[in-house]
Amino acid sequence: GTTPGMGLLPLETRYALPKRVLPVRARFAGLGAPWQPLAGIEAAAYEIRTGVTRLHPDAGDSAAGCAVVLRDERAEAIGWQSGSVMGLYAHGLLG
């Protein structure tokens, strides 16, 4: 089945094993306002996810405003931004 998300980012996640729980080094890039001060910051975090997240195929114009802003050391996307909303797979970065 499917479960709708909050609708804040034009993304979809396809759940699939294995669950990933691992330490990562993550680097912010390509950020827009209000998150621009984080650009270039690299930090240790831990990644928790099950599956793959990508732009929703029906996102339309909202996809243009959504960007990958955080990647792990394998260059996999683990963070996205659209305006003032940021969604991250990396935990422990901001606290």
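To be clear, the structure that these remarks concern was listed above.
Residues numbered from 1 in each chain as written. Predicted model: local features only at pLDDT ≥ 70, side-chain atom pairs only at ≥ 80, totals over all residues. Heavy atoms only, no water.

1. So, the side chain of Arg49
Here Arg49 is to be found in strand E2 (residues 42–55). Within the local environment of Arg49, its side chain forms a polar contact with the side chain of Glu47, the two groups lying 2.5 Å apart. There is a polar contact of 3.4 Å between the side chain of Arg49 and the backbone oxygen of Gly51. With sequence-adjacent residues up to four places away left out, Arg49 is seen in contact with Pro18, Lys19, Arg20, Arg74, Glu76 and Tyr89. (Helix = DSSP H or I, 4+ residues; strand = E, 2+ residues; numbered from the N terminus. Polar contact = N/O pair within 3.5 Å; in protein donor to acceptor, adjacent residues only side chain to side chain. Contact = heavy atoms within 4.5 Å.)

2. Quick word on the sheet that holds strand E1 (residues 11–28)
Pairing in this open sheet of six strands is antiparallel, and the strands run E5-E4-E3-E1-E2-E6 from one edge to the other. Pairing within the sheet leaves two strands with one partner each, and these edge strands are strand E5 (85–88) and strand E6 (90–91). Here strand E3 (residues 67–71) runs beside strand E4 (residues 77–82); their pairing, made up of four bridges, is antiparallel. Note on E4: the bridge partner recorded for Leu70 is Gly79. (Pairing = 2+ DSSP bridges.)

3. Considering a nonpolar patch on the surface
Judged by side-chain polarity, Val21, Tyr46 and Ile48 come together as a nonpolar surface patch covering roughly 270 Å² of accessible area. A residue is classified by how much of its surface remains accessible, and Tyr46, at 40% relative accessible area, is partly exposed. (Patch = residues over 30% accessible without salt bridge, like charges linked within 9 Å, V, L, I, M, F, W, Y side chains within 5 Å. Areas by Shrake-Rupley, 256 points an atom, 1.4 Å probe, with all protein chains shown as cover. Salt bridge = Lys/Arg side-chain N within 4 Å of Asp/Glu carboxyl O. Buried < 20%, exposed > 50% of the residue type's maximum accessible area, 1.4 Å probe, protein only.)

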